[in-house]
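These are the residues of each chain, in order.
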Amino acid sequence: MMLKSISSQRGKTHSESRSRPHRLARPRPSLASLWPGAVLGLVIWVTANFANSYLVSVATFMSIHALGALSILLLIRYAGLVSFGQSAYVLVGAYTSAILTVNVGLGIVAGALAAAAMSGVIALIIGALLLRSSGHNFAIASLALALVAQSLVDRFSFTGGFEGIVGIPSLGQARVAFSIIGVIVLAIFIAVAMLERTSTGLLLKSIGEDEYAATASGFNPRRWRMGVFVASAMVAAVAGSLLAHTLMVVSPSSFGLELNVMLVFMLIVGGTQSVWGALLGATIVGLFPVVLGDFSNLYTLLYGIGVIVVLLLMPHGVSGGFETARRRAWGLLRGRLSAERGGA
Amino acid sequence: MDVLTQSALGGLGSGLIYALVAICIGIVYNATKILNFAQGEFIMFGAVFTWVAMQFGAPYLLAIPVGVVAGSLLAVVTEFLVITPVRRRNPPMWTYVFMLMGVHYVASQSIGLSPIGTDPLAVPSFLGDEPVRIGGAAVSSHYLVVIPAAIVIVVGIHLMFRHTNLGRSMRATASNESGARLVGISVASVARKAFLVCGIVSALLGALILPITTASNTMGLALTLKGFMGAIIGGLGNLKGAVVGGLAVGFLESVMVGLISYRWAESLIWATFALALLFLPHGLFGTTVDEPERV
């Protein structure tokens with residue numbers, strides 16, 4: 001009896017939630033929704049153990065770039081802000097790690113933690129200023145600040161100037177390094193995906209989508225946005241730190257507008273409708289050199305053409321296109337169902 | 001004193017250049033509400049193709065039209081291939097920004113990969129290499145061409161906005177797009193013409209500054225960013241603001257290089273820009289109320 005009532009209740013809520021025009025999101029922190037994490041864990045294990053060394057190195061950069069793209073995605077999804085200056089926090093992370101491990105002699109883990117902390121503190125200071133703005137003013141102001149950061153490390157002597165810093169310790173042999181990086185990146189992605197299923201995650205998404213609605217519901221978007229800004233800077237710094245230990249050398253030219261544009265391009269390809277979009281985009285864009293061979297001069301041109309073509313076909317982004325197709329399919333199905341019901 | 005005169009003269013020259021870039025950014029912004037990240041590429045095409053024409057033996061004055069045609073062609077193609085097809089589907093603003101970033105990469109890389117290459121392209125000024133001396137300061141003699149030409153272009157744009165139908169319909173679109181539609185203005189055609197005007201002016205600018213700054217496939221982005229700086233400091237979409245903002249950026253840059261040091265000037269300029277954006281988000285002349293004259 002009880003079982004029956006529960007199951008019928010369940011069936012009811014299920015069909016109810018489907019028949020609503022906009023699915024009401026409910027916080028359900030269930031592990032089942034994290035299947036991409038499980039699949040990716042397997043992919044990392046297979047790649048680390050069976051892929052050839054070229055693919056391992058490609059996958060290493062893919063993972064790091066996915067993390068960088070995630071930091072931009074956090075701002076887009078939870079703060080409604082598009083940043084052109086996130087490369088600055090990757091730079092802070094990379095240089096902090098490099099200076100602490102090479103010049104100070106700290107361990108890699110301590111260096112990476114310090115890099116994240118350093119980036120968070122800087123973001124706290126910068127954010128107090130930068131979060132006054134939004135829209136294109138935010139984008140261009142963040143770009144200007146990234147150019148400041150880039151020209152400062154180019155000028156200071158303790159950052160090695162134009163040549164940068166060399167001799168940064170690596171994480172180990174290539175396969176080991178990839179395994180470590182893959183696990184760290186995957187853990188961060190899973191953490192964000194799980195956060196999104198909680199009520200805090202819902203609140204953050206609502207701030208990203210409609211600030212006024214969130215304010216009207218009694219939340220203070222300013223404080224939350226600051227939190228997201230700092231978290232995103234810390235994620236970017238971890239990516240920078242991993243990048244420094246992978247490349248074993250950092251120089252100002254690797255952290256310019258190009259890096260930021262590439263990360264955003266990954267989001268355009270992967271879409272911003274889900275946290276995993278950052279990883280999908282990084283994977284697709286990262287496979288460019290594998291598929292096309294080594295034409296490094298052509299890449300920038302291909303990025304340009306790629307961005308234009310992708311956006312021409314899907315002006316709302318790739319997963320925006322998927323989303324439209326999915327809605328249309330559901331709409332058709334729903335229309336047929338309700339017509340049947342109406343007939344009965 | 002010499003340093004100050006030198007800075008002031010250099011600032012006037014580069015300030016006028018930035019002012020023109022800012023005006024073009026404002027023209028496109030008013031017609032389409034798009035931030036034109038490909039602006040500098042129109043200038044780059046103007047300069048590079050003027051250089052190409054001169055390599056084929058054309059004199060400077062005859063090479064300028066070649067550059068202008070190339071640059072405005074890029075602007076028209078950009079509008080036709082990138083902006084128009086997407087506009088109908090009313091995408092978010094970022095779609096345009098990234099597509100125009102894409103145009104920036106395609107334009108600069110295709111020049112870089114072509115036989116023209118990535119080296120700086122220099123041509124002598126027809127006024128000779130001898131710098132002009134004014135009160136103890138020396139500037140390139142070619143500024144004697146660029147400064148009057150820039151002033152003529154600014155006045156020309158001002159007159160166009162005041163006295164031609166195109167200018168009036170651009171102003172109408174800028175202040176109220178649906179209102180403009182209601183009185184029979186084709187907003188799509190205004191957008192097209194805005195890109196064309198912006199392309200011609202930018203390419204002309206590129207051809208004019210070629211003997212001073214030299215040209216290269218990567219020159220565009222810096223000009224775009226400085227132009228944004230001028231346009232936003234002045235108030236996006238305001239003609240007077242664009243001129244004042246552009247001149248302010250030019251003077252600021254020149255004074256910082258002259259008085260502080262070249263080493264730190266770049267950081268200081270970008271930092272000033274960021275602060276200006278944050279504390280003067282509408283710029284000096286920008287308001288939310290309709291302007292008597294908008295670019």
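Further up the page is the structure itself.
As a starting point, this report considers the structure included with it. (Residues numbered from 1 in each chain as written. Chains lettered and ligands numbered in written order. Predicted model: local features only at pLDDT ≥ 70, side-chain atom pairs only at ≥ 80, totals over all residues. Heavy atoms only, no water.)

### As for the overall build of chain A
Argument step 1. In terms of helices and strands, chain A carries 14 helices and 2 strands.
Argument step 2. In chain A, which comprises 344 residues, the share counted as buried stands at 46%.
Argument step 3. Of the contacts made within chain A by residues no fewer than 6 positions apart, 80% connect residues no fewer than 24 positions apart. (Helix = DSSP H or I, 4+ residues; strand = E, 2+ residues; numbered from the N terminus. Buried < 20%, exposed > 50% of the residue type's maximum accessible area, 1.4 Å probe, protein only. Contact = heavy atoms within 4.5 Å.)

### Structural notes on the side chain of Arg155 of chain A
Argument step 1. With respect to the secondary-structure elements, Arg155 of chain A resides in helix H6 (residues 135–155).
Argument step 2. Among residues more than four places away in sequence, those in contact with Arg155 of chain A are Arg263, Trp264 and Glu266 of chain B.

### Some points on the nonpolar core
Argument step 1. One finds Leu70, Phe84, Phe189, Val250 and Phe255 of chain A together with Ile23 and Phe98 of chain B to be the most contacted residues of the largest nonpolar core, which totals 185 residues.
Argument step 2. Per element, the largest residue contribution to this core is 14 residues, and it comes from helix H1 (residues 2–32) of chain B.
Argument step 3. In this structure, Leu70 of chain A is in contact with Ile188, Phe189, Val192, Val235, Val275 and Ala278 of chain A, ignoring residues within four places of it in sequence. (Core = buried A, V, L, I, M, F, W, Y, C linked by side-chain atoms within 4.5 Å.)

### A few points about the interface of chain B and chain A
Argument step 1. Each side of the interface is counted separately: chain B has 43 residues, and chain A has 40 residues.
Argument step 2. Between chain B and chain A lies a buried interface of about 3,700 Å² when both sides are counted; carbon and sulfur atoms form 79% of it.
Argument step 3. When the buried surface of chain B facing chain A is broken down by residue, Phe98, Tyr105 and Leu278 of chain B rank first, second and third, together holding 19% of it.
Argument step 4. Our enumeration of links across chain B and chain A arrives at 1 salt bridge.
Argument step 5. In this structure, Arg155 of chain A and Glu266 of chain B form a salt bridge, with 3.9 Å as the shortest nitrogen-oxygen distance.
Argument step 6. Counting across the interface, chain B meets chain A through 2 residue pairs in polar contact (both at pLDDT 80 or more).
Argument step 7. If one sorts the elements of the side of chain B that touches chain A by residue count, helix H4 (residues 93–113) of chain B sits on top with 14 residues. (Buried area = accessible area lost by both parts, 1.4 Å probe. Salt bridge = Lys/Arg side-chain N within 4 Å of Asp/Glu carboxyl O. Polar contact = N/O pair within 3.5 Å; in protein donor to acceptor, adjacent residues only side chain to side chain.)

### Focus: the packing of H1 of chain B against helix H9 (residues 219–234) of chain B
To characterise two packed helices, one gives the angle between the axes of the helices and the distance between these axes.
All names here are of chain B.
Argument step 1. Packing of H1 against H9 brings their axes to within 8 Å, and their N-to-C directions diverge by 80 degrees. Taken together, the axis directions place H1 and H9 in an arrangement best described as roughly perpendicular. Residue-level inspection shows Ile17, Tyr18, Val21, Ala22 and Ile25 of H1 in contact with H9, the latter providing Leu223, Thr224, Lys226, Gly227, Phe228, Gly230 and Ala231.
Argument step 2. Partitioning the contact of H1 with H9 into residue classes produces 8 nonpolar, 3 polar and 1 charged. (Axes fitted to C-alpha atoms, helices over the stretch in contact; angles between N-to-C directions. Parallel < 35°, antiparallel > 145°, perpendicular 65-115°, else oblique. Nonpolar A, V, L, I, M, F, W, Y, C, P; charged D, E, K, R; others polar.)

### Examining the state of the cysteines
Residues and elements named next belong to chain B.
Argument step 1. What the rule picks out here adds up to 0 disulfides over all chains.
Argument step 2. For Cys24, which is in no disulfide, the shortest distance to another cysteine sulfur is to Cys198 and amounts to 4.4 Å.
Argument step 3. Using a relative accessible area of 0% as the deciding quantity, one classes Cys198 as buried. (Disulfide = S-S within 2.5 Å.)

None of the figures reported here should be taken as evidence of function without further support.
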